[in-house]
Amino acid sequence: MQPLLDVKNLSVEFALRQGPLEAVKNVSFSLNKGERLGLVGESGAGKSVTGFSIINLISKPGYISNGSIMFEGQDLAKMPFDKMRGVRGNRISMIFQDPMMTLNPVLTIGTQMIETVMAHMDVTRKEAEEIALEKLRKVYIPSPRKRLAQYPHEFSGGMRQRIVIAISLLTDPSLIIADEPTTALDVTIQAEIMDLLLELCETDNMGLILITHDLAVVSEVTQRIAVMYAGGIVETGSTRQVTETPGHPYTQGLIAALPQSGAAGDRLTQIPGAMPSLMNMPAGCPFNPRCQHCTDICKQELPTLKENKSGILVACHHADKV
Amino acid sequence: MSTDSLVKIKNLVKHFDISGGLLDQLQMENGRITRKQTVVKAVNNVSFEIQKGETLSVVGESGCGKSTLARTVMGLYPPNSGEVHYDGQRIDCLPHRQMLPYRTKMQMVFQDPYASLNPRMTVRQIIEEPIYFHNKGISRGDAKNKLHEVMRSVGMDPEWAGNYPHEFSGGQRQRISIARALAVEPEFIVADEPIAALDVSIQAQILNLLMDAQEERNLTYLFISHDLSVVEHISTRVAVMYLGSLCELGTAKEIFSSPRHPYTRALLSAIPTLGGEKKKHIHLSGDVPTPINLPPGCVFHGRCQFANDRCREEIPLGRNLENGTLCACHAVEEGRL
Ligand SMILES: Nc1ncnc2c1ncn2[C@@H]1O[C@H](COP(=O)(O)OP(=O)(O)OP(=O)(O)O)[C@@H](O)[C@H]1O
Ligand SMILES: Nc1ncnc2c1ncn2[C@@H]1O[C@H](COP(=O)(O)OP(=O)(O)O)[C@@H](O)[C@H]1O
Ligand code: SF4
Ligand code: SF4
Ligand SMILES: [Mg+2]
Ligand SMILES: [Mg+2]
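Model, not experiment: these values are computed from the prediction.

A. Layout of the overall build of chain A. In terms of helices and strands, chain A carries ten helices and twelve strands. Expected size for 322 residues packed as a compact globule is a radius of gyration near 20 Å; at 21 Å, chain A falls within 12% of this value. With the C-alpha coordinates of chain A rotated into their principal frame, the extents come out at 70 × 50 × 40 Å. When each of the 322 residues of chain A is scored for burial, the buried share is 55%. Counting contacts in chain A only where the partners sit at least 6 residues apart, residues at least 24 apart contribute 62% of the total. Of the roughly 14100 Å² of accessible surface on chain A, 52% is carried by carbon and sulfur atoms. Each charge class in chain A was averaged separately, 30 positive and 34 negative side chains, and the resulting centres sit 3 Å apart.

Structure representation (structure tokens):
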């Protein structure tokens, strides 16, 4: 079966005054129809740049320097900008951390939704309004008809994010990319939004790329995980396997650093040091300054993704020992 | 009451008047000019004690009044009413001069290490400033020794003392602000979201540092965090707030294993967990009301599935339950829950 999305050897560079900065390095992953993938990693790891490059939202000085992004039979990495608009916000929708990145503060929700529908579909205003209402009902906005006449500031943060999700559904996309959609929200609202995303993906067989720094959130929502570190994917596999038996020393460290219930008050297992800056990368494996399993080869050669004994793809020279 | 309490707050109230100038407040109403004041009721009638050597954490949704409470305890905001006691002395109404010794005993660490460090000062200047201020006449040599001691204790090489904050990562900056707080040998530290701005791999480093410092220096913490698994890990006791009011307060063990208040239950059910079966989240209906128009009765009644007529009229008072937890809920008191 052809995957819905197939990203191969994607690299993204920013042409800076000090020289080129490779924010995403040789990243490959794929997603089947209706599948949910979590892209996790710490700040600066390259998650958003990867997400943005799928819909060609990387702007100068950034550019895709290598690789292909096959989506529904077309290579998005090589698609001209004007053609891309038929895909972005149509077949692929994006949800951001701040709902106001999507919403226009001076227009009513109704106007924004109806115009979006009419820009992408050949329908009358009345029909567009019915589609908008249907999507608002889907995200459980109470009294949706009344809500159409209201402005974004009249909604709470959680409601605004629901409306953004309703907007992202207007064109019945086959893929949603959600970049930290609940990071600015409280934990109770986060749980509601995540439950909603999960339900929508399941009922409409929609694909989801969930970008977040929160492993626990990813583990509740996705079927597969890709862990990013310093611009590259260091580990990818089924969510269950990666969270239960992580194969890369970085993922192992991340999971060990989480407070365990039943061990209250104990010292936490910590990863020493911090992620290197992309301007100042160590030779070989980017994790080597922090890794307790580091040997000579780690300081010389960049490890590539290989299947380890439990069937997870791990980029580590010593994947079968750690 | 236990004699080991270090900090005690009693019926603390903190409101902010956001009405602006007199002209902003004037309104036409039914043909008459009236004056309208807008007040944010951030903290309402909160009481608790913090025992020597414990970590008391405050949790609750954004805007529920955690930071305001912490700042009022620190004396950074004067309370509208109520009392703050430190080691047996009432401190909320002390004149500046008499407050000075408490400014060394009580220190604060903030969420954003970027904003709380002066970018034009070196690490040495940042840490030595409070040392000189609170130890009049200290020799340069002694100040330097103190500087090196606290830098080492937060895991920083004293060689970095000449560098500026922007030359450090977020985690290292948070180490610097903790070093500054420790430099005056405090007894009590208020930490307001000290790890929220840090990456997961760095959070454990800072939490370990805080736990080590507590053990070595016998510190008492008031800890504020929205990360509930971190709170469960480091707290002795936990206070749950909603819309400026205290809902429930008990040992971390009791709160996390048998929460009683309906809001605490919903909050804990929402914590995402790694692996295993996905647990069922309790969904709250409706939105959080604003602290400008506080609902009558129990502030949680609009979202509570157990609310009845009494809840809509009468403010529930905190009552001690058999497990020692303090809970402010009519349904729990009536045995309906
Ligand atoms: N200086 C101020 N002037 C006016 N209103 C304020 C001020 N400080 C806080 N408030 C209001 O008081 C309420 C409680 O604020 P507080 O900062 O204590 O919340 P919090 O629980 O710390 O939230 P967060 O997690 O978002 O920091 C909020 O409604 C806030 O807008
Ligand atoms: N417009 C830009 N110009 C220069 N560098 C950028 C730009 N956008 C992102 N980067 C760099 O790319 C790297 C990855 O960023 P990002 O994908 O935003 O990380 P994440 O989303 O994982 O936090 C970072 O080092 C960041 O500084
Ligand atoms: S390649 Fe070497 S340094 Fe990198 S993670 Fe594996 S063992 Fe550690
Ligand atoms: S007092 Fe009433 S409304 Fe408030 S939490 Fe208890 S049952 Fe719910
Ligand atoms: Mg990002
Ligand atoms: Mg706060």
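B. Representation of the pairing of strand S2 (residues 19-31) of chain A within the structure. Residues and elements named next belong to chain A. In terms of strand pairing, strand S1 (residues 5-16) meets S2 through nine bridges, oriented antiparallel. Within S2, the position partnered with glutamate 13 by the bridge is glutamate 22. Between S1 and the antiparallel strand that follows it, S2, lie two residues.

C. Spotlight on the nonpolar core. Counting 94 residues, the largest nonpolar core has Leu5 and Ile209 of chain A as its most contacted members. A total of eight residues in this core trace back to one element, the largest contributor, which is helix H7 (residues 187-204) of chain A. When residues no more than four places from it in sequence are discounted, the contact partners of leucine 5 of chain A are Phe29, Ser30, Leu31, Ile54, Ile69, Met70, Phe71, Leu175 and Ile209 of chain A. In terms of nonpolar packing, the next biggest core, distinct from the first, is built from 64 residues, Leu117, Ala191, Leu207 and Ile271 of chain B among them.

D. Representation of the pattern of salt bridges. Residues and elements named next belong to chain B. Here the structure, examined in full by the defined rule, presents 30 salt bridges over all chains. Measuring nitrogen to oxygen at the nearest pair gives 3.5 Å for the salt bridge that ties glutamate 83 to arginine 90. Through salt bridges with shared partners, a single ionic network connects Arg310, Glu314, Arg319, Glu333, Glu334 and Arg336.

E. Region of the structure containing the layout of surface pockets. Size it by volume and the second largest pocket reaches roughly 740 Å³. Along the wall of the second largest pocket there are 31 residues; nearest its centre are Ser156, Gly158 and Ile189 of chain A together with Asp287 and Val288 of chain B. Of all the elements in the fold, those that place two or more residues in the lining of the second largest pocket are helix H6 (157-169) and H7 of chain A. At five residues, the largest contribution of residues to the lining of the second largest pocket is made by H7 of chain A. Split into classes, the residues belonging to the lining of the second largest pocket amount to 14 nonpolar, nine polar and eight charged.

F. Examining the side chain of serine 201 of chain B more closely. Take serine 201 of chain B: it is sitting in helix H8 (residues 200-217). A relative accessible area of 0% places serine 201 of chain B in the buried class. Of the polar contacts made by the side chain of serine 201 of chain B, one reaches the side chain of glutamate 42 of chain A; its length is 3.2 Å. Side-chain polar atoms of serine 201 of chain B contact the side chain of arginine 290 of chain A, separated by 2.9 Å. Ignoring any residue separated from it by four or fewer positions in sequence, one finds serine 201 of chain B in contact with Glu42, Leu254, Ile271 and Arg290 of chain A.

G. Up close: the site of ligand 1. Residues and elements named next belong to chain B. Around ligand 1 there are 14 residues in total, and Ser62, Gly63, Lys66, Ser67 and Thr68 lie nearest to it. A distance of 3.3 Å separates an oxygen atom of ligand 1 from a polar backbone atom of cysteine 64. Isolated, ligand 1 exposes 630 Å² of accessible area, and the fraction of that covered by the protein chains is 61%. Per-element accounting of the shell around ligand 1 gives the leading share, three residues, to helix H2 (residues 66-73). Grouping the amino acids of the shell around ligand 1 by side-chain chemistry returns seven nonpolar, five polar and two charged.

H. Region of the structure containing the sheet that holds strand S4 (residues 39-51) of chain B. All names here are of chain B. Taken together, the four strands give an open sheet; going across it, the order is S4-S1-S6-S7, and neighbouring strands pair in antiparallel fashion. Since the sheet does not close on itself, it has two edges, and those belong to S4 and strand S7 (89-90), each with one partner. As paired elements, strand S1 (residues 5-17) and S4 share nine bridges and run antiparallel to each other. When the sheet's bridge partners are listed, valine 7 is paired in S4 with isoleucine 50. Set on the sheet, H2 makes contact with S1, S4 and strand S6 (81-86); between it and S1 the angle comes to about 120 degrees.

I. Layout of empty space enclosed by the protein. Following the criterion strictly, the structure yields three cavities of 30 Å³ or more and no others. Empty space within the largest cavity amounts to approximately 90 Å³. Lining the largest cavity are 13 residues, and of these Cys298, Cys304, Cys311, Cys329 and His330 of chain B lie nearest its centre. Considering only residue class, the lining of the largest cavity consists of ten nonpolar, three polar and no charged. What the second largest cavity holds in volume is close to 80 Å³. Forming the walls of the second largest cavity are His248, Pro249, Cys285, Phe287, Asn288, Cys291, Cys294, Cys298, Pro303, Cys316 and His317 of chain A.

J. Summary view of the side chain of serine 177 of chain B. All names here are of chain B. Looking at where serine 177 falls in the secondary structure, it is placed in helix H7 (residues 170-182). In this structure the side chain of serine 177 is engaged in a polar contact, spanning 2.5 Å, whose partner is the side chain of glutamine 174. Among residues more than four places away in sequence, those in contact with serine 177 are Val109, Pro113 and Leu117.

K. Looking closely at the packing of aromatic side chains. All chains considered together, the criterion is met by eleven aromatic pairs over all chains. Arranged with centres 5.9 Å apart and planes meeting at 40 degrees, the rings of phenylalanine 52 of chain A and phenylalanine 96 of chain A form a pair that is tilted. With a gap of 44 residues between them, phenylalanine 52 of chain A in helix H1 (residues 47-54) and phenylalanine 96 of chain A in the loop between strand S6 (92-95) and helix H3 (109-120) connect regions that are remote in the sequence. With a relative accessible area of 14%, phenylalanine 96 of chain A lands in the buried category. Summarising the aromatic geometry, the rings of tyrosine 229 of chain A and tyrosine 250 of chain A are spaced 4.4 Å apart at their centres and angled 50 degrees between planes, so their arrangement reads as tilted. In this pair, tyrosine 229 of chain A sits in strand S9 (residues 224-229) while tyrosine 250 of chain A sits in helix H10 (residues 249-257), placing the two residues 21 residues apart along the sequence. As far as the burial class goes, tyrosine 229 of chain A and tyrosine 250 of chain A line up, both buried. What links up through ring pairs into an aromatic cluster is the set Tyr229, Tyr250 and Phe287 of chain A. A cation over an aromatic ring shows up here: lysine 136 of chain B above the ring of phenylalanine 133 of chain B, its NZ or CZ 4.3 Å from the ring centre.

L. Spatial organisation of the interface of chain B and chain A. Across the boundary between the two partners, chain B contributes 33 residues, which contact 43 residues of chain A. When chain B packs against chain A, the two sides together hide about 3100 Å² of surface, and 58% of this comes from carbon and sulfur. Considering only the side of chain B, the residues that lose the most area to chain A are Ser201, His233 and Leu274 of chain B, jointly responsible for 21% of the buried surface there. For aspartate 212 of chain B, the salt bridge is made with arginine 267 of chain A, and the minimal N-O distance between the two is 2.6 Å. Applying the counting rule to chain B against chain A returns 18 residue pairs in polar contact (both at pLDDT 80 or more). Those elements that place two or more of their residues in the side of chain B that touches chain A are H8, helix H9 (228-234) and helix H11 (262-269) of chain B. Split by residue class, the side of chain B that touches chain A holds 14 nonpolar, eleven polar and eight charged.

Rules used in this analysis
- Counting from 1, residues in each chain are numbered in the order their sequence is written.
- The naming scheme follows written order: chains are lettered A onward, ligands numbered 1 onward.
- It should be noted that, the model being predicted, local features are given only for residues of pLDDT at least 70 and side-chain atom pairs only at 80 or more, the latter also being counted only at that level, while totals for whole chains, interfaces and linings use all residues.
- The basis for every side-chain value is the complete set of heavy atoms in the structure, and neither hydrogens nor water enter the calculation.
- Labels follow the DSSP assignment, with helices taken as runs of H or I lasting at least four residues and strands as runs of E lasting at least two, numbered in each case from the N terminus.
- The globule rule used here is 2.2 Å times the number of residues to the 0.38 power, and the radius of gyration it is set against is calculated over C-alpha atoms.
- Throughout this description, buried means an accessible area under 20% of the type-specific maximum (1.4 Å probe, protein chains only), exposed means over 50%, and partly exposed covers the range between.
- Two residues form a contact once any of their heavy atoms are found within 4.5 Å.
- Accessible surface area values rest on a Shrake-Rupley calculation with a 1.4 Å probe, where residue burial reflects the displayed protein chains alone.
- None of His or the chain ends enter the tally, which takes Lys and Arg as positive and Asp and Glu as negative.
- Charge placement uses NZ in Lys and CZ in Arg. For Asp and Glu, CG and CD serve respectively.
- One requirement defines pairing of two strands: DSSP has to find at least two bridges between them.
- As used here, the term nonpolar core means buried Ala, Val, Leu, Ile, Met, Phe, Trp, Tyr and Cys residues forming a set that is joined through side-chain atoms within 4.5 Å.
- Throughout this description, the term salt bridge denotes a Lys or Arg side-chain nitrogen within 4 Å of a carboxyl oxygen of Asp or Glu.
- Cavity: a set of points on a 1 Å grid over the protein atoms alone where a 1.4 Å probe fits but cannot get out. Pocket: an open set with protein on both sides within 12 Å along at least five of seven lines, its lining residues, like those of a cavity, having an atom within 4 Å of a point.
- Grid points are joined across faces, edges and corners, and a volume is the space filled by probe spheres set on the points.
- Each residue is assigned to one of three groups, with Ala, Val, Leu, Ile, Met, Phe, Trp, Tyr, Cys and Pro labelled nonpolar, Asp, Glu, Lys and Arg labelled charged, and all others, Gly among them, labelled polar.
- In the analysis that follows, any N or O atom pair within 3.5 Å is treated as a polar contact, provided that within protein one partner can donate a hydrogen and the other can accept it, and provided that, for residues neighboring in sequence, both atoms belong to side chains.
- Any residue with at least one heavy atom within 4 Å of a molecule or strand is counted as near it.
- The axes are straight lines fitted to the C-alpha atoms, using for helices just the contacting stretch, and the angles between their N-to-C directions are given from 0 to 180°.
- Each pair of aromatic rings taken from Phe, Tyr and Trp, with Trp reduced to its six-membered ring, is defined by centres within 6.5 Å and is described as stacked if the planes are under 30 degrees apart, edge-to-face if over 60, and tilted in the remaining cases.
- Two limits define a charge over a ring: the Lys NZ or Arg CZ must be within 6 Å of the ring centre, and within 35 degrees of the ring normal.
- Here the buried area means the combined drop in accessible surface, using a 1.4 Å probe, for two parts upon being joined, counting both sides.

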